[in-house]
Amino acid sequence: MGFRCGIIGLPNVGKSTIFNALTAAGAEVANYPFCTIDPNVGIVRVSDKRLEKIAAIIKPPKVTYTTMEFLDIAGLVKGASRGEGLGNKFLGHIREADALVHIVRCFDNPDVVHMDGSVDPVRDIGIVNTELLLADLETTGKRFLKMEKLVRTGDKNAMGELQLCRKLQDFLGKEIPARKIAVDDELQRIMRDLHLLTAKKVLYVANVSEEVLKKGNGYISGVKTFADEEGSRVVTICGDLEAEMMELPEDERKVFLEDLGLEESGLEKLIRAGYELLGLITFYTTVGPELRAWTIPHGTRAPEAAGKIHSDMEQGFIRAEVVHYGDFIQAGNMAAAKEKGFVHSEGKEYLIKDGDIVLFRFNV
């Protein structure tokens, strides 16, 4: 599994349409709030041209791509933190995600109702973000009261956490999301333990009309300005076009994009931005008949990467034999890569690089 993204936003912004286009999972799409109650789950194969070039050279019987998982979470409404709409159920589903893909409506369509009567992307972002902040304030408030009681009973270890909870509440009360708070290791541990919603990284997706996708402008500039100030990113997608393209045979999709003057699909843009957002990289293994891509965070040591494949490989790790993708392509095959000295042996402290082709040596 690559990583899990929760698709969030207000009702009727195009979440399920984009989810269907990205995953071809067939989620129900309708023009009324709370069409999605339990989150739909879609597993998407991540397109990988490097994997395909490696496969063309070594011709393995089996090629396995890495994947991304999407959760299509029910539309949030004002007051969700107090239980309005699907309230707590919605917030609980968000906690399951590694990152949030926040779909923002940037199109006009009188046939698709807006809960607030008009299209205003920045206002809509504010509604969602406020509910997440309020939910986090409630979470930290409960922990604060618990620590306060422990301190009164003489638990000295609780004092440090009490102070950290107070610090978190101060920031959240000033509408500063947890992901923007500079933290030390101890505060980071507490934030992870609390599963704060605003600690998750966010990628804003501006869902636009076909005309705006081609020409730009529209409502997008306001979303980009907001995201820049927050330190987040924006991807522009036309959900209707993505849905139309996914109905075509795969070999016709490239022509479809070219006719629109686009170099890549919305899915490809979203995945690339998601990898950058979470600091993810891809490495490759060729074991037995299978060539396989794996997703790990940047800065992962070789034994931890081996553990991604199997825990026994991490525990019994001896060394990693590594050739970088560019060197492998230059050599033309693995035997030539070894002859040219491109294959190198690395120990436990080696940090896997994006594009590494790795053979792990380990004791069983």
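Since this is a predicted model, take the numbers as computed values, not measurements.

### What about the pattern of salt bridges?
Pairing is possible between side chains of opposite charge, provided their charged atoms come close. Within this structure, the stated rule accounts for 16 salt bridges. One salt bridge connects Arg319 with Glu321, and the closest N-O pair in it is separated by 3.3 Å. For Arg319, a relative accessible area of 32% translates into the label partly exposed. The closest approach of N and O atoms between Glu321 and Arg361, which form a salt bridge, is 3.2 Å. Of this pair, Glu321 sits in strand S10 (residues 317-324) while Arg361 sits in strand S12 (residues 356-362), placing them 40 residues apart in sequence. Judged by relative accessible area, which is 35%, Arg361 ranks as partly exposed. Bridged by salt links that share partners, the residues Arg143, Glu161, Arg189 and Asp193 form one connected network.

### Looking at empty space enclosed by the protein
For the structure on display, the rule yields 2 cavities of 30 Å³ or more. Volume-wise, the largest cavity comes out at about 50 Å³. Around the largest cavity, the lining residues are Leu213, Cys238, Leu241, Glu242, Met245, Phe256, Leu257, Leu260 and Leu262. When residues of the lining of the largest cavity are traced back to their parent elements, those giving at least two are helix H9 (239-246) and helix H10 (250-259). Take the lining of the largest cavity: its biggest share by element is 3 residues, from H9. Grouping the constituent residues of the lining of the largest cavity by class yields 8 nonpolar, no polar and 1 charged. In this structure, the second largest cavity is lined by Leu213, Thr236, Ile237, Cys238, Glu242, Leu262, Glu264, Ser265, Gly266 and Lys269. Partitioned by chemical class, the residues of the lining of the second largest cavity number 4 nonpolar, 3 polar and 3 charged.

### A closer look at H9
Buried within H9 are the following residues: Gly239, Leu241, Glu242 and Met245. Around the axis of H9, the buried residues are gathered within 160 degrees of arc, so they sit on the same side. Considering only its buried residues, H9 is in contact with helix H1 (15-23), strand S6 (201-208), helix H7 (210-215), strand S7 (233-237), H10 and helix H11 (266-278).

Cut-offs and rules
Residues numbered from 1 in each chain as written. Predicted model: local features only at pLDDT ≥ 70, side-chain atom pairs only at ≥ 80, totals over all residues. Heavy atoms only, no water. Salt bridge = Lys/Arg side-chain N within 4 Å of Asp/Glu carboxyl O. Buried < 20%, exposed > 50% of the residue type's maximum accessible area, 1.4 Å probe, protein only. Helix = DSSP H or I, 4+ residues; strand = E, 2+ residues; numbered from the N terminus. 1 Å grid on protein atoms, 1.4 Å probe; cavity = no way out; pocket = protein on both sides within 12 Å on 5 of 7 lines; lining within 4 Å. Points joined across faces, edges and corners; volume = space filled by probe spheres on them. Nonpolar A, V, L, I, M, F, W, Y, C, P; charged D, E, K, R; others polar. Arc of directions from axis to C-beta. Contact = heavy atoms within 4.5 Å.

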